[in-house]
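Structural overview
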Number of protein chains: 2
Amino acid sequence: MSGNLGLVLRRLRDQGPRSRARLAAELGLTRSAVSALVGELEERGLVRAAGVERGHVGRPGTSVELDGHAVCGIGAEINVNHVSTIALDLGGNVIAEHRAGLDANKLAVEEVLDRLVALIARTEADVRSAGAETVGVAVGVAGLLDRTRDMLTVGPNLGWRDVPVGAELRGRLGAAYPVLVDNEGNLAAMAEALPGDPARQDVLVIFGEVGVGGGIVADGRLLRGRQGYAGEFGHMIVQPGGRRCGCGRVGCWETVVGLRALLDAAADPDDPVRDPALGLDDRLAEINRRADLGDTRTLAALDQVGGWVGIGAGILANAINPGAVVLSGYFAEVGERMRPAIEEQLTAGVLAPQAGGTRVELSTLGFTAAVRGGAALALEAVFDDPTLVGRRTEAVSEGVR
Amino acid sequence: MSGNLGLVLRRLRDQGPRSRARLAAELGLTRSAVSALVGELEERGLVRAAGVERGHVGRPGTSVELDGHAVCGIGAEINVNHVSTIALDLGGNVIAEHRAGLDANKLAVEEVLDRLVALIARTEADVRSAGAETVGVAVGVAGLLDRTRDMLTVGPNLGWRDVPVGAELRGRLGAAYPVLVDNEGNLAAMAEALPGDPARQDVLVIFGEVGVGGGIVADGRLLRGRQGYAGEFGHMIVQPGGRRCGCGRVGCWETVVGLRALLDAAADPDDPVRDPALGLDDRLAEINRRADLGDTRTLAALDQVGGWVGIGAGILANAINPGAVVLSGYFAEVGERMRPAIEEQLTAGVLAPQAGGTRVELSTLGFTAAVRGGAALALEAVFDDPTLVGRRTEAVSEGVR
């Protein structure tokens, strides 16, 4: 039963409002089965009556649509400079958003986790105020997460090693809902996979700052791999015998496409665009300004790094044939300038004709990609099994108890 | 309903016989729901009573088990030297197997398709004789298949271009069941993903002969990508500025790990191991024999090619973190000799500790990998929706009509 409830709910999310008759035809179910399923989803506050639909299957019928307001997923992020959260309802609307600056390198692990827990608690209170229920939290962390041990193995920027982030957070939150922890690149990929868009069901997200990572969504599902380490694109060796990487190896993709590679090529050491004391946004804006002015060194640097982005994207596109390569992080800010070089190398590097249909796109989610993906991941549980959400009458009586 | 029927059926396949009570506990369903589901699966001939199970949940109960014999999937392959088929029942048993030699380069496309159709018809007749029903056919082809157009875009070895293989076969077969066409590397990957083995739910298969390809299974599901072009590993550029590839590009993985790269390194041009008139199995046996005798040139060649296999496998393992890299085709024959070099480069190349848990394994399926995977893929439809299989009473009355 829960399987078909989820089918109906996903269909309404991905394809929009439609009549029971049309749902029955599309899903290969009987009309009476669909009516029962819709009734149950209504009791749980997940769908509601919409307008009247004509002309598809049989007589005109009242449409039903997703009713997003009853449940929320919370996405959270632990970053070296901040902790942040977002709550999205089932319809994808932002219900709450919080961010607190900190310097993770100067704080104990416990202190960082406490601050994130405080933020999650505030977000959850906002969800309750909005009359909704929190169904899960997914937390993104920059680092290697072993999902078989539920452990952050290494978080190089945070300076963390072997931290059981999930267990620590679950202990502090004492929550009734699941608390997942995932690599932030994986969550960012989840955020870029758009329900209902066929070209965004197979997505490769490449995230770049000093480090380079990302994530893969295949057929609408996050690809984590055996132990959860998928998406470590920055350490693919693309230039044997090339530059030494921060990880100790030679020729990693990060050495030719990371922020440092761009800055090395674009500017002298004393150039203000290389001053970490200035905000990254401002420095990238300055690079775009120079490119607009036709500065040859800047243009050549963008072209060179873009070419390497395309070479690595081509390697990955031969392997997984995504509908879109979504550029995120600093790539999203300067990617329009890199696009010709990226597309040239991608097309040249992919065996399938026309790059196998892979498009190059720039993320528009900015620094909220990981938290948005976390919230989307938390909400996936409801689409897998809508019975996780209590019937409204139960919810009310529980409230009275 | 069909969703939960499939859940029960998969559980019995992956975890073995168990009682209704245990199924209910494991799947989070009520006992009465499980009894109804098992009853329906019994009517369709998909499960049957097994022994008595004690000590798990509640009172001892009669176990149920998968009953594989009622339905078969057929896998088929179009190769430059042969067409072949296999029929597997739901339990994975081989019910029929056929192979016909031909030279696809000397025959019209229509003739090759006709010969495959004749083989499929024979296989289907064998399935009927065994008292089973064919639920689908999946055909592997060596080449680029665009799944959005249902078209073989390029089959370089076959010499085919823009052939609508699926439509052609469906027209000839006039079959009531689905006929899928897929890249043979994808089907081989499906064959290596073993139900019930957690390490074989995320699998990367690397197939090598003159060309190099493969496929990815992620979380038990075949990864096809947006247009179906996933798994073209042979054309990842791993050595910029390296050797020219048959595809026209420079530095493709195929140029350093394909059969030709091994033979170039291991033998002079007039060496019989390079004589295509001799069988490949015999030539590879000779290479293994020389390695056993400690021939330094042979050992160095295996080491060199193995190192490149490991470098490419490391790139892919950073991206998708498979539980196993399964070496297939010629790699399976000489892979034990390459293993030290492969594992060294894989461990060095993967950012996650201990290569992220990725093991190197040799395929034991030989040349049947693609057809076996095709049959498994055809059977997946039954696990997704067991109601595809008619109730036995219906089947009988249809037989009488």
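So, a few notes on the structure that sits alongside this text. (Residues numbered from 1 in each chain as written. Chains lettered and ligands numbered in written order. Predicted model: local features only at pLDDT ≥ 70, side-chain atom pairs only at ≥ 80, totals over all residues. Heavy atoms only, no water.)

Describing the nonpolar core
Among the nonpolar cores identified, the biggest contains 97 residues, and A:Ile206, A:Trp253, A:Met338, B:Ile206, B:Trp253 and B:Met338 are the most heavily contacted of them. In this view, A:Met338 contacts A:Leu262, A:Leu302, A:Val305, A:Gly306, A:Val309, A:Tyr330 and A:Phe331; residues no more than four positions away in its chain are not counted. (Core = buried A, V, L, I, M, F, W, Y, C linked by side-chain atoms within 4.5 Å. Buried < 20%, exposed > 50% of the residue type's maximum accessible area, 1.4 Å probe, protein only. Contact = heavy atoms within 4.5 Å.)

Points about the sheet that holds strand β11 (residues 179-183) of chain B
Residue and element names in this part refer to chain B. Spatially, the five strands line up as an open sheet ordered β6-β5-β4-β7-β11, and their pairing is mixed. The sheet is open, and its two borders are formed by β6 (94-101) and β11, each paired with just one other strand. For this sheet, the mean inter-axis angle between neighbouring strands, taken without regard to orientation, is 15 degrees. In this sheet, β11 lies alongside strand β7 (residues 133-141) in parallel orientation, the contact comprising five bridges. Considered in β11, the bridge of Gly140 is made with Asp182. In the packing of helix α4 (residues 109-129) onto the sheet, the strands contacted are β4 (71-78), β5 (82-89), β6 and β7, and the crossing angle to β5 comes to about 25 degrees. Where helix α6 (residues 184-192) meets the sheet, its contacts fall on β4, β7 and β11, and the angle it forms with β11 comes to roughly 100 degrees. (Pairing = 2+ DSSP bridges. Helix = DSSP H or I, 4+ residues; strand = E, 2+ residues; numbered from the N terminus. Axes fitted to C-alpha atoms, helices over the stretch in contact; angles between N-to-C directions.)

Here's the deal with the side chain of B:Asp182
All names here are of chain B. Along the polypeptide, Asp182 turns up in strand β11. Within the structure, Asp182 has its side chain in polar contact with the side chain of Asn186 (distance 2.9 Å). Residue contacts for Asp182: discarding those within four places in its chain leaves Val139, Gly140, Val141, Leu145, Leu187, Leu222, Arg224 and Leu377. (Polar contact = N/O pair within 3.5 Å; in protein donor to acceptor, adjacent residues only side chain to side chain.)

Quick word on empty space enclosed by the protein
Any empty space left between atoms is shown by rolling a water-sized probe over those atoms. Applying the stated criterion across every chain yields a total of six cavities of 30 Å³ or more. Computed from the structure, the largest cavity encloses a volume of approximately 140 Å³. As for the largest cavity, its lining consists of 14 residues, and the residues nearest its centre are A:Ala218, A:Arg221, A:Leu222, B:Ala218 and B:Asp219. Mapped by element, the contributors of at least two residues to the lining of the largest cavity are β14 (221-223) of chain A together with β14 (221-222) of chain B. With three residues, β14(A) is the single largest residue contributor to the lining of the largest cavity. A class-by-class count of the residues in the lining of the largest cavity yields six nonpolar, one polar and seven charged. Considering the residues around the second largest cavity, the lining is formed by 13 residues, among which A:Gly329, A:Tyr330, A:Glu333, A:Gly366 and A:Phe367 are closest to the centre. Counting only elements with at least two residues in the lining of the second largest cavity, the list comes to α9 (280-292), β15 (324-329) and α11 (330-349) of chain A. (1 Å grid on protein atoms, 1.4 Å probe; cavity = no way out; pocket = protein on both sides within 12 Å on 5 of 7 lines; lining within 4 Å. Points joined across faces, edges and corners; volume = space filled by probe spheres on them. Nonpolar A, V, L, I, M, F, W, Y, C, P; charged D, E, K, R; others polar.)

Let's talk about the packing of α6(B) against helix α12 (residues 369-384) of chain B
Residues and elements named next belong to chain B. Running from amino to carboxyl end, α6 crosses α12 at an angle of 75 degrees, the nearest separation of the two axes being 7 Å. Judged on the interaxial angle alone, α12 and α6 are roughly perpendicular. Facing α6, whose interface residues are Glu184, Leu187, Ala188, Met190 and Ala191, α12 presents Ala369, Ala370, Arg372, Gly373, Gly374, Ala376, Leu377 and Glu380. Residues belonging to the contact of α6 with α12 are distributed by class as follows: eight nonpolar, two polar and three charged. (Parallel < 35°, antiparallel > 145°, perpendicular 65-115°, else oblique.)

Points about the pattern of salt bridges
All names here are of chain A. Applying the stated criterion across every chain, the model contains 70 salt bridges over all chains. A salt bridge links Arg289 to Glu286; the shortest N-O distance between them is 2.9 Å. Within this pair, Arg289 and its partner Glu286 are both found in helix α9, separated by three residues, close to a single helical turn. Here the salt bridges share partners, and the residues they tie into one network are Arg10, Arg13, Asp14, Glu380 and Asp384. (Salt bridge = Lys/Arg side-chain N within 4 Å of Asp/Glu carboxyl O.)

Let's talk about the state of the cysteines
Taken as a whole and judged by the stated rule, the model has zero disulfides over all chains. Looking at the unpaired A:Cys247, the closest cysteine sulfur is the one in A:Cys252, lying at 3.7 Å. No disulfide involves B:Cys245; its sulfur sits 3.7 Å from that of B:Cys247, the nearest cysteine. (Disulfide = S-S within 2.5 Å.)

With respect to the interface of chain A and chain B
Contacts between chain A and chain B engage 49 residues on the former and 49 residues on the latter. Of the roughly 3800 Å² buried between chain A and chain B, counting both surfaces, carbon and sulfur atoms make up 58%. The tally of links from chain A across to chain B stands at two salt bridges. Here A:Arg221 makes a salt bridge to B:Asp219, at a shortest N to O gap of 3.6 Å. Here chain A is connected to chain B by 22 residue pairs in polar contact (both at pLDDT 80 or more). For the side of chain A that touches chain B, the secondary-structure elements that each account for two or more residues are α1 (2-15), β13 (212-218), β14, α10 (296-320) and α11 of chain A. The element best represented in the side of chain A that touches chain B is α10(A), accounting for six residues. Looking at side-chain class alone, the side of chain A that touches chain B contains 26 nonpolar, 15 polar and eight charged residues. (Buried area = accessible area lost by both parts, 1.4 Å probe.)

Here's the deal with the sheet that holds strand β13 (residues 212-218) of chain B
Residues and elements named next belong to chain B. Here we have five strands laid out as an open sheet, ordered β14-β13-β12-β15-β16, and mixed in their pairing. Lying at the two open borders of the sheet, with one neighbouring strand each, are β14 and β16 (359-362). In this structure, strand β12 (residues 203-208) lies alongside β13, joined through six bridges in antiparallel fashion. Considered in β13, the bridge of Val203 is made with Val217. Sheet strands in contact with helix α10 (residues 296-320) are β12, β13 and β15 (324-329), and its direction is about 150 degrees off that of β12.

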